[in-house]
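Tertiary structure, described
Below, each chain spelled out in residue letters.
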Amino acid sequence: MTKEELLKAKIPCPETGIEIRHTLCDICSPSSHCGINAYVKDGVVIKVEGNQDHPYNRGLLCTKGASNRQYIYRKDRIRTPLKRTGPRGSGEFTPISWDEALDTIAGRLLDYRKAWGAQSVFFFSGYSKWYRPLLRRLANSFGTPNYGTESSSCFTSGLMAWETAIASPARADMKNCSLFLGWAMNPYHTSYNAARSMEAMKRAGTKFIIIDTMYTQTAEKIADLFLQPLPGTDGALALAIANDLIANDWIDRSYIDKYVHGFEEYAAYCRGFHAGNIEKLTGVPWEKVHRAAEMIHEYGHPMSIKESSAPLGHHMNGMQNYRAIMALSAITGNFDKKGGQLPVEFTFTHQASGYSTLEHRFETETRRPFLAPPVGGLRFPLWNELEKEAQSMDLPRQILEKTPYPIKAVMAFGMNFRMFPDSRKLEKAIDELDFFADADLFLTDSAKYADIVLPACSSFEREEFKSYPGGYAYYTKPVIPPLYESRPDTDIICELARRMDLDDPLLCQGYRACLEYILSPVSYTVQQLQDADTPLKVPEFKPHRELAALNKGLKTPTGKFELKSELIASHPEWGLDALPTYREPLDDIDPAEYPMVLTSGGRLPHALHSRLHDVPWLRTLRPNACAEMNPRDCARLGIKEGEPVELSTPTGSITAHALPSLHIPAGLVSLYHGYREANINDLIDADRLDPYSGFPAVRSNRCKVTRKGGCHE
Ligand SMILES: Nc1nc2c(c(=O)[nH]1)N[C@H]1C(S)=C(S)[C@@H](COP(=O)(O)OP(=O)(O)OC[C@H]3O[C@@H](n4cnc5c(=O)[nH]c(N)nc54)[C@H](O)[C@@H]3O)O[C@H]1N2
Ligand SMILES: Nc1nc2c(c(=O)[nH]1)N[C@H]1C(S)=C(S)[C@@H](COP(=O)(O)OP(=O)(O)OC[C@H]3O[C@@H](n4cnc5c(=O)[nH]c(N)nc54)[C@H](O)[C@@H]3O)O[C@H]1N2
Ligand SMILES: [Mo]
């Protein structure tokens, strides 16, 4: 082959000067950061493919991963630190040096601390998580209780449900079960690896119950039994399944006697969910509820349940619904058993990889007693008790109302107001701040409100620690230098600690020193991990030991799996229920005026929140923001495919393109989030928050659908 031919085919060899370097894709969920082979020529990434040696993805990539080149080279990458010169939101900035930017931020944050107290400064993290342990420590060393993240609407609701029941997180031992209960999960859109595992399990004879408001690919290809409840009614459904299991004595009595607390009260409560009312409450006929109970009895030893925190938590009653689902694991004796639900410990950034680190100590050891509750702490007392950080969903309110105390400054890493319910409320709140700084890869509309903008770099341009399930530890090398003047978030955090002269020598030493400390229980040094250039299995990996946690006693008040939470019961002033009680998700909105149920955010395979709408390859897969509706509803309203339709709620209205879809049941409208031109969160009330978790009800609302210039419902 000639050199030109080799170059055209992007063949890595000395003649072309193309090299393959390894990194990871950090576009989607941290539980699926795939290994990447980056083809690099002259400091430029010219091709990406999956890394076959990576234990997680073994050479595969999804559409998002395959588009990494277009993602990291997006035209709106921030090139230099910026200082705002025009009005907030105008996007008028002047480039400044890193020194000026960091000194300005450090000086302003110290000024607010002095004048208003440390709690007046809020440190925020968006969906990116790799730097979070350092950011949380920065907030603690600075002295503010206000460290808050996007997990306030993502993952923490499910975590809180587990903490309430077992005082630790847990995971589904999917691969070892004989019955898998996939509750609100469609991995064909979110995790191709989990979809492949399910297909392999199905071939091997595992039975599947899938429970989803939509008729998904998982329902179509995998389910032996498919249940389709109305959004946010999962708690009633789970309680009804439990009632049937108990009535037929299809439960594990000796396990319950030994390891479960509150069974009798719970069983009595379950009796309220039965053949006579369940279809009305959930839309699921009793025969299907009974068949689910029967299948659990026939095949559910062991049974593993995968409940996703986001779709189940995004309702006014979300956390309680989640608790009701988890209870099925306890009454059938599947918790802490191989092939069931396993209690776990987080290794790093909420990944349970089967080995311990000092992450939690690192994050919290510089914390002094706070003088004020974190944002959301008074409004969401269970959150406050369990999470010890801010519930970010209360941030817009507190900025605007200044109660119980004013927030003067926000130092954000990737803040995007479009992801918050009633986005304009946060936009307005940011506008009212005395000081707002934002570090991001891209000059987003939220960053345009910042007084100082900092350019962060992507996973291709930085070194980063990542832990994977099965005991793996990985420390990447940058595959290209940081683009323009961008820097890793961790450098920004450590540099701020230095410039504010915080009493935190470890943080001031930088990312590597912090990691050496966090990883001190692990045999490998950071340098050894980096030299390996591939994830290493650490010798400290501890496989799960059946019933070990239950026999030792859980860290709950009773030491048992608590169906009735004694933590909640001991705080009657919170006004929360100790049992996983059910309440209707939509009883506060008038169906006469808003006849359609509105859900948002069901994942699309090629979209990830706001990040990929401006990535050309991915955008071509769905160029428009689409309101997906059942064809029967479209026909009734005279709406044709692609026509503009207006969706309105008491909070606002937007226009999207109609997309008839048989996946959506009649009466429901579904729209993906994050679009600039049709932001579903403009329709969602910022105060419809779950009183247990503070989560926003983005998945159950009511709306009116109007054909532009036509009839409506
Ligand atoms: N491609 C892609 N992958 C992603 C993301 C993305 O944006 N795009 N986001 C990442 C993030 S941040 C998260 S939190 C996860 C979320 O991951 P998942 O929770 O797995 O994904 P979702 O599609 O949000 O929800 C799963 C299913 O729940 C159903 N569902 C919605 N509401 C209800 C309900 O009330 N009851 C029941 N039973 N089912 C319901 C939806 O129809 C959907 O099929 O995905 C991660 N992965
Ligand atoms: N209506 C509706 N709203 C939702 C949801 C829903 O289902 N429906 N889902 C909720 C859920 S589960 C989640 S997780 C949130 C996600 O909400 P966000 O956290 O807002 O998600 P993104 O828009 O992906 O990321 C935020 C910003 O981080 C920037 N960023 C990316 N990588 C980095 C990095 O390495 N460093 C820095 N400094 N910045 C970076 C991105 O460019 C982006 O501007 O949305 C929530 N909002
Ligand atoms: Mo999320």
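About the thresholds
- Residues numbered from 1 in each chain as written.
- Chains lettered and ligands numbered in written order.
- Predicted model: local features only at pLDDT ≥ 70, side-chain atom pairs only at ≥ 80, totals over all residues.
- Heavy atoms only, no water.
- Near = heavy atom within 4 Å.
- Polar contact = N/O pair within 3.5 Å; in protein donor to acceptor, adjacent residues only side chain to side chain.
- Areas by Shrake-Rupley, 256 points an atom, 1.4 Å probe, with all protein chains shown as cover.
- Domains from an automatic or database assignment.
- Contact = heavy atoms within 4.5 Å.
- Buried area = accessible area lost by both parts, 1.4 Å probe.
- Nonpolar A, V, L, I, M, F, W, Y, C, P; charged D, E, K, R; others polar.
- Helix = DSSP H or I, 4+ residues; strand = E, 2+ residues; numbered from the N terminus.
- Axes fitted to C-alpha atoms, helices over the stretch in contact; angles between N-to-C directions.
- Parallel < 35°, antiparallel > 145°, perpendicular 65-115°, else oblique.
- Left-handed = near helix turned anticlockwise from the far one by under 90°.

This brings us to the site of ligand 1. The environment of ligand 1 is made up of 33 residues, and the closest members are Asp-212, Asp-234, Ser-308, Ala-607 and Tyr-672. Side-chain polar atom of Asp-212 to an oxygen atom of ligand 1: 2.7 Å apart, as the coordinates give it. Tyr-672 has a polar side-chain atom sitting 2.7 Å from an oxygen atom of ligand 1. Burial of ligand 1 by the surrounding chains reaches 94%, relative to a free accessible area of 900 Å².

This brings us to the domain arrangement of the protein. Domain annotation for the protein reports domain 1 (3–72), domain 2 (82–155 + 348–537), domain 3 (170–343) and domain 4 (596–707). With centres defined by C-alpha atoms, the gap from domain 1 to domain 4 works out at 33 Å. On the side of domain 4, 11 residues touch domain 1, which itself brings 11 residues to the contact. In this assembly, domain 1 packs against domain 4 so that about 910 Å² is buried in total across both faces, 62% of it on carbon and sulfur atoms. Considering only the side of domain 1, the residues that lose the most area to domain 4 are Lys-64, Gln-70 and Tyr-71, jointly responsible for 52% of the buried surface there. Linking domain 1 to domain 4 there are 4 residue pairs in polar contact (both at pLDDT 80 or more). A breakdown of the residues in the side of domain 1 that touches domain 4 according to their chemical character gives 4 nonpolar, 4 polar and 3 charged.

Moving on, we get to the side chain of Thr-149. Positionally, Thr-149 belongs in strand 7 (residues 147–149). If near-sequence neighbours (up to four positions away) are discounted, Thr-149 is found in contact with Phe-124, Ser-125, Arg-132, Glu-389 and Ser-392.

Okay, the packing of helix 10 (residues 234–247) against helix 16 (residues 318–331) next. For any two helices packed against each other, the geometry comes down to the angle between their axes and how far apart the axes lie. Where helix 10 meets helix 16, the closest approach of the two axes is 7 Å, and the angle between their N-to-C directions is 25°. Classified by the angle their axes make, helix 10 and helix 16 are roughly parallel. You can see that helix 10 and helix 16 cross each other, and the crossing is left-handed. Across the interface between the two elements, Asp-234, Gly-235, Ala-238, Leu-239, Ile-241, Ala-242, Leu-245 and Ile-246 of helix 10 pack against Asn-321, Ala-324, Ile-325, Leu-328 and Ile-331 of helix 16. Each residue belonging to the contact of helix 10 with helix 16 can be placed in one class, and the counts come to 10 nonpolar, 2 polar and 1 charged.

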